[in-house]
Amino acid sequence: MEDRPFNDISYERFLSEDKLMGSRCQKCDSLFVPPRSICINCHSFEMKWTEMKGKGKLVAFTCIAIGPPFMMREGFDRKHPYVTGVVELEEGARVVGRIEGVDGTRPENIEIGIPLKLEFLHRGEGANSTTFLAFRPS
Amino acid sequence: MRGQRRLGRGVAMVGAGMSKFGMFSDKDSKYLFAEAFHEMVSTIDKGLDPKDIDALYLGNFTNDFFVHQGHWGPIVSDLLGLAPRPATRTEGACASSALAFREGVFAIASGFYDVVLVGGVEEMSKRSTEEVTQGLAMAASPYEVKAGFTFPGVFGAIATAYFAKYGASREHLMNVTIKSHSNARLNPKAQFNVSIRDIMDQRIAKAKSKGEIAPTWGDEKEFLRDPRANPVVAWPMHLFDCCPISDGASCALLVSEELARDFTDDPLYVVGIGQGSGKGLHAKEDLTYFEATRYAAQEAYGLSGFKPEDIQVAEVHDCFSIAEILHIEDLGFFKQGEGYKAVAEGLTRLDGPKPINTSGGLKCKGHPVGATGIGQLVEIWKQLRGEAGDRQVPIRDLRIGAAQSLGGTGGTCTLAILERR
């Protein structure tokens, strides 16, 4: 695990293994999710992988009625909007991900600050498989 | 930043023009640019010999994707008969021509060139809405795209964070939309030059002519609350919070300060210019402001010596209604968290103390992305010279205006300040 380069390819592979991984600067302890290979705080190149526990809270969200083709193929449309948002992890870093288990047609019932837990959505098969980062109310 | 920003010599804007913005099945990028150039030439009182143009800087974002042709600098140079003089394309997503303007200013300030044409062009409407959405997503971060974010979605999420922090609501965003439409009603170049009231009247008349029951909206906000009239796109962004898909072009002629009066007796001077870059949505510490705009503003104010309160009229990048509120705060016109109140109080109206987006903004004037940055400066050009017609701001001694652009989700932000002397 330690040998994987600190980039988006590794990040995606970890997701497919049900792991949300970030990089932590060995010099100043700054945390980056998705990983960065260069610390933007102290500009060190010394990073180590660290796994997130998967707990967080909702910072911002949107309910999308007109989405890109890959979301429409999952069955979302104007009558069935999906929810996506920004989540602040317990460890302090923020990530963007789908928000599951909430009603996209009732945005007024979705509250900023609600506690969320991580889940992984595996879609497609073989070479076309992708894992989407998602959260749902805990 | 280390030290004070400075220009090697003064730069003046001596001409400006734009095509009509809209969706045109019969106009291509070259035709649109020719239209803008034609208007620009007509504004140069003492005439322009195109042979005097030393170089072209052209902003364009997505013609690679939408027109399958990426190399637009020389195409436009050839169109205008400028070849073999150099042509450079700039890309900064929706701020692409704001970067062309900046490069043009630097080229003259450095002393390298004396006369530079800067412009922007975009041709978007011949593609489906899905293709345009996908093309514009090229300006977002890959993480946002994968999470299903669209551009209305990014600004929708920003709005929810702003609402939660400052107690604003959708009703406040409606004030921005209503104002943009009432300004655009007075702008013949605007894609939607109708007020919300005009649209309501048209819909009522249409229903009556079909023998249907006419809708009975009490006022503009009731119309905007009606999901049949104003459906959700990416909550809380609804149709009337979003700029349209547009085709269009814009351009301006920049010359060294000492040459300005050879072209016109009424030049504008580029006194402030700034640019910043920003991070993706997940990496921002706070979603309710754009650090890139604040940086650009600091640079431009520092260079000009002017303060936010000195800016008398401004165009800001209202790709979505919430963006206008964030920008007027980031530029220091209003305090953080109070922009929505200023709009509600009418302070940003055409007849208010700080008129914002007198052109109708991106929402109503249209947003042909690569043409927008200089399109905004065309409006400031008209306002400062007193040539804005029915939408001329009634401020006396109008002499300082500014235009702010944003690319992507705040990845590239700019501010330019113009002064009439």
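Summary of the structure given here. (Residues numbered from 1 in each chain as written. Chains lettered and ligands numbered in written order. Predicted model: local features only at pLDDT ≥ 70, side-chain atom pairs only at ≥ 80, totals over all residues. Heavy atoms only, no water.)

Details of the packing of aromatic side chains
Scanning the model with the defined rule gives 14 aromatic pairs over all chains in all. Considering the side-chain rings of Phe6(A) and Trp49(A), the 4.8 Å spacing of their centres and the 25 degrees angle between planes classify their relative orientation as stacked. On the criterion of sequence distance, the pair formed by Phe6(A) in the segment before helix H1 (8-16) and Trp49(A) in strand S3 (residues 47-51) is long-range, its members being 43 residues apart. Seen from their ring centres, Phe155(B) and Phe320(B) are 5.0 Å apart, and the 25 degrees between their planes marks the pair as stacked. With Phe155(B) in helix H7 (residues 151-166) and Phe320(B) in the loop between strand S9 (313-315) and helix H13 (321-330), the pair connects residues that are 165 residues apart, well separated along the chain. Phe320(B) carries the same exposure label as Phe155(B), and that label is buried. Among the aromatic residues, those joined into a cluster by ring pairs are Phe6(A), Phe14(A) and Trp49(A). (Phe/Tyr/Trp six-rings, centres within 6.5 Å; stacked < 30°, edge-to-face > 60°. Helix = DSSP H or I, 4+ residues; strand = E, 2+ residues; numbered from the N terminus. Buried < 20%, exposed > 50% of the residue type's maximum accessible area, 1.4 Å probe, protein only.)

Quick look at the sheet that holds strand S1 (residues 21-25) of chain A
The sheet built from three strands is open, its strands ordered S2-S1-S3 (chain A) with antiparallel pairing. Lying at the two open borders of the sheet, with one neighbouring strand each, are strand S2 (31-32) and S3 of chain A. (Pairing = 2+ DSSP bridges.)

Describing the interface of chain B and chain A
Taken together, the contact pairs 27 residues of chain B with 34 residues of chain A. A buried area of about 2,300 Å², summed over both sides, lies between chain B and chain A, and 66% of it is on carbon and sulfur atoms. In this structure, the salt-bridge partner of Glu12(A) is Lys146(B), at a minimum N-O distance of 2.4 Å. Applying the counting rule to chain B against chain A returns 13 residue pairs in polar contact (both at pLDDT 80 or more). Sorting elements by how many residues they give to the side of chain B that touches chain A places H7(B) first, with six residues. (Contact = heavy atoms within 4.5 Å. Buried area = accessible area lost by both parts, 1.4 Å probe. Salt bridge = Lys/Arg side-chain N within 4 Å of Asp/Glu carboxyl O. Polar contact = N/O pair within 3.5 Å; in protein donor to acceptor, adjacent residues only side chain to side chain.)

With respect to unusual backbone geometry
The omega angle of the peptide bond from Val33(A) to Pro34(A) is -10 degrees, so this bond is cis rather than trans. Turning to its location among the elements, Pro34(A) is positioned in the loop between S2 and S3. A cis amide bond links Trp235(B) to the next residue, Pro236(B), at an omega of 0 degrees. Secondary-structure assignment places Pro236(B) in the loop between strand S5 (232-235) and strand S6 (237-238).

A word on the sheet that holds strand S11 (residues 412-420) of chain B
Remark on secondary structure: sheet strands pair via backbone hydrogen bonds, oriented parallel or antiparallel. Residues and elements named next belong to chain B. Spatially, the nine strands line up as an open sheet ordered S3-S2-S4-S7-S1-S8-S11-S10-S9, and their pairing is mixed. Strands with a single pairing partner mark the edges of an open sheet, and in this sheet they are strand S3 (87-90) and S9. Between one strand axis and the next, the sheet turns through 25 degrees on average, direction left out of account. Where strand S1 (residues 11-18) meets strand S8 (residues 268-277), two bridges bridge the pair, whose relative direction is antiparallel. (Axes fitted to C-alpha atoms, helices over the stretch in contact; angles between N-to-C directions.)

Topic: the pattern of salt bridges
When the charged atoms of two side chains lie near each other, side chains of opposite charge can form a pair. Scanning the model with the defined rule gives 39 salt bridges over all chains in all. We note a salt bridge from Lys279(B) to Glu285(B), for which the minimum N-O separation is 3.6 Å. You can call Lys279(B) partly exposed: its relative accessible area is 24%. Taking the relative accessible area as the measure of exposure, Glu285(B) reaches 59% and is therefore exposed. One salt bridge in this structure joins Arg294(B) and Asp330(B), with 3.2 Å as the shortest N-O distance. Here Arg294(B), found in helix H12 (residues 291-304), pairs with Asp330(B), found in helix H13; they are 36 residues apart in sequence, far enough to count as distant. Taken together, the shared-partner salt bridges connect Glu74(A), Arg98(A), Glu100(A) and Arg123(A) into one network.

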